[in-house]
Amino acid sequence: MSFELPNLDYAFDALAPHIDARTMEIHHGKHHAAYVSNLNNALKGTDGIEKNLEDIIKNISKYPAAVRNNGGGHFNHTLFWKILSPRGGGQPAGSLMDAINSEFGSFDTFKDTFSKSAMTRFGSGWAWLCLDNNGKLSVCSSPNQDNPLMDIAECKGSPILGLDVWEHAYYLNYQNRRADYISAFWNVVNWDAISTSFQHLSK
Amino acid sequence: MSFELPKLPYGSDDLEPVISAKTISFHYGKHHQAYVNNLNKLIAGTEFENMDLEYIILNSDAGLFNNAAQVWNHTFYWEGFVPQGGGKPSGKLAEMIDDSFGSFDLFKEKFSNAAATQFASGWAWLVLNKEGKLEIVKTANAANPLTDGLKPLLTCDVWEHAYYLDYQNRRPDYISAFWKLVNWEMVNSRL
């Protein structure tokens with residue numbers, strides 16, 4: 001068995017103009033594909049190749065750097081494609097919205113906190129909304145292809161929303177204007193999918 | 001005193017086709033400029049206000065270090081290029097490269113490999129160590145070999161912003177084209 005590049009649930013151009021088709025094509029077809037194939041190469045001949053990706057990520061300190069970088073890359077991008085949708089945007093509803101209000105005060109304050117976390121991550125990395133080990137929502141960012149599920153993470157939790165702020169995620173469309181990419185991102189956030197994972201993890 | 005964006009030693013389209021004028025317009029005009037602006041904001045009214053850039057790099061951390069080092073790294077990167085550059089070094093540098101790496105081709109291969117394998121944002125460097133020997137190192141994000149007591153001689157920026165408009169995910173293509181621009185006279189003079 002080996003890991004495979006998941007298909008997108010929408011066309012490359014479906015998220016335009018917020019995320020353009022060329023960016024999606026290269027991001028999914030080249031960057032994500034490279035993480036998958038590098039992960040398979042790094043695990044070749046080890047029992048890791050038979051494992052569930054989440055188990056690998058949760059025990060990442062036991063693996064070499066190539067697994068951390070490429071396993072993280074595969075996990076993070078898989079999550080990223082799922083939390084985007086051409087019919088996204090707006091606000092969450094139900095229990096997720098209640099949890100956001102109770103943790104951050106309001107949806108707008110949450111958005112500001114998350115956007116700032118994405119904006120201030122220096123170099124390459126990701127911003128996250130997580131359900132932490134106490135069942136509370138929290139926002140943080142991680143460097144490179146790390147994520148909060150990793151046992152080495154500074155901020156730990158189960159990520160339910162992630163934003164890729166590697167320059168490859170936005171450079172063709174936004175160049176140095178990361179802030180514009182972050183504000184456009186909110187228009188394609190798939191709150192239904194995020195609510196589903198929130199409910200699943202809250203059980 | 002405040003820092004200023006140094007002038008490029010060539011026109012913004014002079015490095016084409018290796019590095020496009022469009023890339024220079026963002027990389028130099030926006031990114032490098034933003035590091036200069038951020039640095040000036042961060043040092044205003046502090047103990048660092050009248051210090052030189054290397055002092056700040058050696059004595060700061062976090063945001064101040066990141067911006068100071070990125071100002072230095074980018075200036076050093078731009079000054080390492082000349083239109084129609086490339087070829088091979090001569091003189092003392094050529095001898096030292098042969099001594100340290102076996103041959104110029106082996107050096108190029110080792111440096112290119114460092115640049116290709118620096119995961120995520122960072123830099124590859126040719127440096128002079130404390131024993132006076134050449135070494136190749138790679139650094140993450142803004143990190144600069146000066147803080148390890150190493151003297152930088154040549155650098156390749158492998159932040160994606162350095163090559164994404166021209167090469168997208170093809171970092172190895174950017175690295176092989178990079179060699180066509182290296183100003184070996186400048187690198188020699190840095191010894």
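The structure we're discussing is the one just above.
The rules behind these values
- Residues numbered from 1 in each chain as written.
- Chains lettered and ligands numbered in written order.
- Predicted model: local features only at pLDDT ≥ 70, side-chain atom pairs only at ≥ 80, totals over all residues.
- Heavy atoms only, no water.
- Helix = DSSP H or I, 4+ residues; strand = E, 2+ residues; numbered from the N terminus.
- Rg over C-alpha atoms; globule rule 2.2 N^0.38 Å.
- Buried < 20%, exposed > 50% of the residue type's maximum accessible area, 1.4 Å probe, protein only.
- Contact = heavy atoms within 4.5 Å.
- Areas by Shrake-Rupley, 256 points an atom, 1.4 Å probe, with all protein chains shown as cover.
- Salt bridge = Lys/Arg side-chain N within 4 Å of Asp/Glu carboxyl O.
- Pairing = 2+ DSSP bridges.
- Axes fitted to C-alpha atoms, helices over the stretch in contact; angles between N-to-C directions.
- Phe/Tyr/Trp six-rings, centres within 6.5 Å; stacked < 30°, edge-to-face > 60°.
- Core = buried A, V, L, I, M, F, W, Y, C linked by side-chain atoms within 4.5 Å.
- 1 Å grid on protein atoms, 1.4 Å probe; cavity = no way out; pocket = protein on both sides within 12 Å on 5 of 7 lines; lining within 4 Å.
- Points joined across faces, edges and corners; volume = space filled by probe spheres on them.
- Nonpolar A, V, L, I, M, F, W, Y, C, P; charged D, E, K, R; others polar.

Novice: Could you give an account of the overall build of chain A, with specific residues and numbers?
Specialist: When helices and strands are tallied, chain A shows eight helices and three strands. Taken against the 2.2 N^0.38 rule, which gives 17 Å for 203 residues, the C-alpha radius of gyration of chain A at 16 Å falls within 12% of a compact globule. In terms of overall dimensions, chain A has a C-alpha envelope of 50 × 40 × 30 Å along the principal axes. Burial analysis of chain A (203 residues in total) assigns 52% to the buried set. Long-range pairs, those at least 24 residues apart, make up 68% of the contacts in chain A between residues at least 6 apart in sequence. As displayed, chain A has an accessible area near 8,900 Å², and 47% of this comes from carbon and sulfur atoms.

Novice: Break down the pattern of salt bridges for me, citing the residues and quoting the values.
Specialist: Residue and element names in this part refer to chain A. Counted according to the given criterion, the structure contains seven salt bridges over all chains. Among the salt bridges present, the one from Glu103 reaches Lys136, with a minimum N-O distance of 3.9 Å. Of this pair, Glu103 sits in helix H4 (residues 94-104) while Lys136 sits in the loop between strand S1 (125-131) and strand S2 (137-143), and the two are 33 residues apart along the sequence. Given a relative accessible area of 30%, Glu103 falls into the partly exposed group.

Novice: Outline the sheet that holds S1 of chain A, supporting the account with residue identities and numerical values.
Specialist: Residues and elements named next belong to chain A. Read from one edge of the open sheet, three strands run S2-S1-S3, paired in antiparallel fashion. Every other strand in the sheet has two partners, leaving S2 and strand S3 (158-164) as the edge strands with one partner each. Neighbour-to-neighbour, the strand axes of the sheet open up by a mean angle of 25°, direction not taken into account. Pairing analysis gives six bridges linking S1 to S3, with the strands arranged antiparallel. Counterpart to Leu129 in the pairing with S3 is Leu161. Relative to S2, H4 is tilted by about 80°, and along the sheet it contacts S1, S2 and S3.

Novice: Lay out the packing of aromatic side chains in plain terms, naming residues and giving numbers.
Specialist: Under the definition given, this model contains 40 aromatic pairs over all chains. For the ring pair Trp126 of chain A and Trp128 of chain A, a centre distance of 5.4 Å and an interplane angle of 15° mean the geometry is stacked. Take Trp126 of chain A and Trp128 of chain A: they sit in the same class, and that class is buried. Here Phe81 of chain B and Phe178 of chain B contribute two aromatic rings whose centre-to-centre distance is 5.7 Å and whose plane-to-plane angle is 75°, an arrangement assigned as edge-to-face.

Novice: Provide a residue-level description of the nonpolar core, including the pertinent values.
Specialist: By size, the foremost hydrophobic cluster in this structure holds 70 residues, and its most contacted members are Phe107, Phe111 and Leu126 of chain B. The dominant element in this core, judged by the number of residues it contributes, is helix H3 (residues 62-79) of chain B, at nine residues. Ranked by size, the runner-up nonpolar core spans 63 residues in total, among them Leu39, Ala118, Met150 and Ile160 of chain A.

Novice: A description of empty space enclosed by the protein should follow, citing residues and the corresponding values.
Specialist: One pass over the full model with this rule turns up two cavities of 30 Å³ or more. Empty space within the largest cavity amounts to approximately 60 Å³. Around the largest cavity sit Pro6, Asn7, Leu8, Asp9, Tyr10, Thr78, Trp81 and Lys82 of chain A, which together line it. Class assignment for the residues of the lining of the largest cavity results in four nonpolar, two polar and two charged. The calculated volume of the second largest cavity comes to roughly 40 Å³. As for the second largest cavity, its lining consists of Pro6, Lys7, Leu8, Pro9, Tyr28, His32, Thr75, Trp78 and Glu79 of chain B. Among the secondary structure elements, those contributing two or more residues to the lining of the second largest cavity are helix H1 (21-43) and H3 of chain B. At three residues, H3 of chain B tops the list of elements feeding residues into the lining of the second largest cavity.

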